[in-house]
Amino acid sequence: MQRRHFLITPPALALGAAAGSALAAPAAISAQSSILPRRGKGPRIVVCGGGWGGLTAARYLRELIPGADVVLLERNPTFWSGPMSNKWLVDIVGTDFVQYDMLRPANRYGYTLLQTEVTGFERDRRRVRTGHGLVEYDYLVLSGGIRDAWDAWFGDDQRAIDHARTHFASAYIPNQQMHALKQRVKDFKGGTLVMTLLPPPHRCPPSPYERACLIAWHIKKHRIPGKVVILDPKPTIAPIGMGYQQAFEELYPDIITHVPNARVQEVDPFNKRIQTSAGEWKFDEAILMPPHQAADMVWHAGLIGRDAAGKPTGWADMHPRLYHAHGDDRVYFVGDLMGPVSDQFGHYPKSGHVANYIGRIVARNIAERVAGKEVTPLLPDNLCYMMVNGDPQEEISVKFEYEVDASGRVLQTQIDMDLRSTEMVQEDFAWARSKFADFLAL
Ligand SMILES: Cc1cc2nc3c(=O)[nH]c(=O)nc-3n(C[C@H](O)[C@H](O)[C@H](O)COP(=O)(O)OP(=O)(O)OC[C@H]3O[C@@H](n4cnc5c(N)ncnc54)[C@H](O)[C@@H]3O)c2cc1C
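Since we're looking at a predicted model, the values are computed, not measured.

Read across the open sheet, the three strands follow the order β14-β15-β16; overall the sheet is antiparallel. Sheet topology places β14 (264-268) and β16 (279-282) at the edges, where each strand pairs with a single neighbour. Pairs of neighbouring strands in the sheet enclose a mean axial angle of 15 degrees, with direction left out of account.

Another point: helix α9 (residues 241-251). One turn of an α-helix holds 3.6 residues; hence residues three or four places apart share an orientation. Every buried residue of α9 is accounted for by Gly241, Gly243, Tyr244, Ala247, Phe248 and Leu251. In this structure, the buried residues of α9 make contact with α8 (207-221), β12 (226-231), β13 (256-259), β23 (382-390), β24 (393-404) and β25 (410-421).

On to the packing of aromatic side chains, then. Considering all chains together, one arrives at 20 aromatic pairs under this definition. For the pair Trp150 and Trp153, a centre-to-centre distance of 6.0 Å together with 75 degrees between the ring planes defines the contact as edge-to-face. Taken as a pair, Trp150 and Trp153 share a single burial class, namely buried. Ring geometry for Phe436 against Phe439: centres 6.4 Å apart, planes inclined by 85 degrees, an arrangement best described as edge-to-face. Residue Phe436 and its partner Phe439 are both found in helix α12 (residues 423-440); the two are separated by three residues, about one turn of the helix. Of the two residues, Phe436 and Phe439, neither departs from the other in class, the shared state being buried. Taken together through their ring pairs, the aromatic side chains of Trp52, Phe79, Phe97, Tyr100, Phe429, Trp431, Phe436 and Phe439 make up a single cluster. In this arrangement the basic side chain of Arg147 is found over the ring face of Trp299, its NZ or CZ atom lying 4.1 Å from the centre.

Before going further, it helps to examine the packing of α8 against α9. Viewed as axis vectors pointing N to C, α8 and α9 meet at an angle of 15 degrees, and their least axial separation amounts to 11 Å. As far as their axial angle goes, α9 and α8 are roughly parallel. Crossing handedness for the pair α8 and α9: left-handed. Contact residues: α8 offers Tyr209, Glu210, Cys213 and Lys220, while α9 offers Tyr244, Ala247, Phe248 and Leu251.

In this section: the pairing of strand β9 (residues 139-142). Side chains Tyr139 and Val141 project from β9 onto one buried face, and the interleaved Leu140 and Leu142 project onto a second face that is buried too. As paired strands, strand β1 (residues 44-48) and β9 are joined by four bridges and run parallel to one another. Within β9, the residue paired with Cys48 across the bridge is Leu142. When β9 meets strand β22 (residues 328-333), the two strands line up parallel, connected through three bridges. Pairing of Leu140 across the sheet is with Val331, part of β22.

The subject of this paragraph is the domain arrangement of the protein. Annotation of the protein at the domain level lists domain 1 (13-145 + 295-370) and domain 2 (150-292). Domain 1 and domain 2 are separated by 29 Å when their C-alpha centres are compared. At the interface, 17 residues of domain 1 touch 21 residues of domain 2. Among the residues domain 1 hides against domain 2, the three largest losses belong to Trp80, Asn86 and Leu89. Together they make up 35% of the total. Linking domain 1 with domain 2 are four salt bridges, by the criterion used here. Mapped onto the side of domain 1 that touches domain 2, the elements with two or more residues apiece are β3 (78-80) and α3 (85-89). The dominant element in the side of domain 1 that touches domain 2, judged by the number of residues it contributes, is α3, at five residues. The residue makeup of the side of domain 1 that touches domain 2, split by class, is six nonpolar, six polar and five charged.

Across its 19 residues, helix α11 (residues 352-370) extends 27 Å between first and last C-alpha, which sits within 8% of the 27 Å expected from 1.5 Å per residue. In terms of burial, α11 is largely enclosed, as 15 of its 19 residues are buried. Residue Gly372 follows α11 closely and has a positive phi angle near 75 degrees.

What describes two packed helices is the angle between their axes and the distance between those same axes. Relative to each other, helix α2 (residues 52-64) and α11 sit at 30 degrees, their axes nearing to 8 Å. Taken together, the axes of α2 and α11 are roughly parallel relative to one another. Read as a crossing pair, α2 and α11 show a hand that is right-handed. Residues Trp52, Gly53, Thr56, Ala57, Tyr60, Leu61 and Leu64 of α2 form the contact with α11, whose own contacting residues are Gly352, His353, Ala355, Asn356, Gly359, Arg360, Ala363, Arg364, Ile366 and Ala367. Of the residues contributing to the contact of α2 with α11, the split by class is nine nonpolar, six polar and two charged.

The next subject is the sheet that holds strand β21 (residues 324-325). Strand order in the open sheet made by the six strands is β5-β2-β1-β9-β22-β21, with mixed pairing throughout. The sheet is open, and its two edges are formed by β5 (112-115) and β21, each paired on a single side. Pairing geometry for β21 and β22, over two bridges, is antiparallel. Within the sheet, the bridge partner assigned to Ala325 lies in β22 and is Asp328. Contacts from α2 reach β1, β2 (69-74) and β9 within the one sheet, and its direction differs from that of β2 by about 170 degrees. In the packing of α11 onto the sheet, contacts are made with β1, β9 and β22, and the angle to β22 comes to roughly 155 degrees.

Thresholds, definitions, all that
Residues numbered from 1 in each chain as written. Predicted model: local features only at pLDDT ≥ 70, side-chain atom pairs only at ≥ 80, totals over all residues. Heavy atoms only, no water. Pairing = 2+ DSSP bridges. Helix = DSSP H or I, 4+ residues; strand = E, 2+ residues; numbered from the N terminus. Axes fitted to C-alpha atoms, helices over the stretch in contact; angles between N-to-C directions. Buried < 20%, exposed > 50% of the residue type's maximum accessible area, 1.4 Å probe, protein only. Contact = heavy atoms within 4.5 Å. Phe/Tyr/Trp six-rings, centres within 6.5 Å; stacked < 30°, edge-to-face > 60°. Lys NZ or Arg CZ within 6 Å of the ring centre and 35° of its normal. Parallel < 35°, antiparallel > 145°, perpendicular 65-115°, else oblique. Left-handed = near helix turned anticlockwise from the far one by under 90°. Domains from an automatic or database assignment. Buried area = accessible area lost by both parts, 1.4 Å probe. Salt bridge = Lys/Arg side-chain N within 4 Å of Asp/Glu carboxyl O. Nonpolar A, V, L, I, M, F, W, Y, C, P; charged D, E, K, R; others polar. Expected span 1.5 Å × (residues − 1).

Here it is, written out as structure tokens:
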């Protein structure tokens, strides 16, 4: 396989261009520049976002389309995994288990990696705007993950948004806030730690409860006089509701309080106060999770879906079984930013497992199109392991399977494994290692 690897790590240049703004940064990329490989006979496929989905898509696009010129655009210098990061927060795994070099897979699989900010699109001319200039494409894969919709709580009150993000962010977006959150957990010396959960769909539905369990385990282990209050908008814990309920009651009866039907109505981050539909809560420490939406890049591409009333759904507007945009079949979606796929269950779980799976499927779909074949739709599955106890280490899990009925509707079957076990810990680590091996070339 031909090797191509270019990584630009200039000072603030890549991160400097404001999202959505007209291209302001110097055009380091141009038809004449040597930063990108010269256009060859094969198609140019540009993947925006190098997380679980984008790294997988880039690998398989190179493997399945000989001669394709695959370019991956990613803002961060390193990969940081969401899966396993709750365990990292309480020192069950080290940083070397969640953070990885991104040049290694680019070199191994032979795609071009550019560290740059995607700032916009010119879809009529098939070009991506980046902090370094314009990148042309024949096919485009958007895999930018999610954004925190702080404005759902604070409107345009930027002071409140900045304060909440600086002091109480959930770190559900990789790389940005993880170290600050870990420091807050370490510095928590007692009192009430409130976690607001968010209305579905959102990134990794079972993982906020896993985080609550592991923080409670940390509190128990270090005999901190603290409590964890989970403000949950849902009427019951889900998924793996029984497994989590038992963990809360049996392992952390004096530490975790789960409050159902607690929809956030007002947040005062300055006075540490939250008004919900289940009452008012004051906190000493908080992990605030505003609603999730598709990453900015989908909004910049003008490809956000709309509901019957014409309001933005917050997620990509896409074909539910072929994963390309409605209205622009040169653009594909992979991972958490994807829109709904079924009127039975809505969205696929926004998980690393699904992002990895769809990354492969989309690579295969584009390969079939390039080869002039008809694309047959494929479905993913999903599997998530969640640690509920640190000593002994014990986990529960949830599995989702999918099939298509006679009318073409995608149906979901959910299998909760509520009984916590140490065997599942081994399975979880084996799962994570196999996924990292798949797209990080470990
Ligand atoms: C605490 C936690 C626990 C989790 N546990 C699990 C688990 O056990 N199992 C599981 O399967 N999933 C789990 N997940 C979910 C998993 O992390 C996500 O579902 C997965 O990362 C989605 O992949 P993605 O490629 O869509 O997004 P990401 O992995 O977030 O990748 C998106 C990438 O796009 C980049 N990007 C975004 N915008 C731009 C831009 N404008 N320019 C350049 N680059 C950009 C980002 O920097 C990022 O690297 C967990 C998540 C969290 C937070």
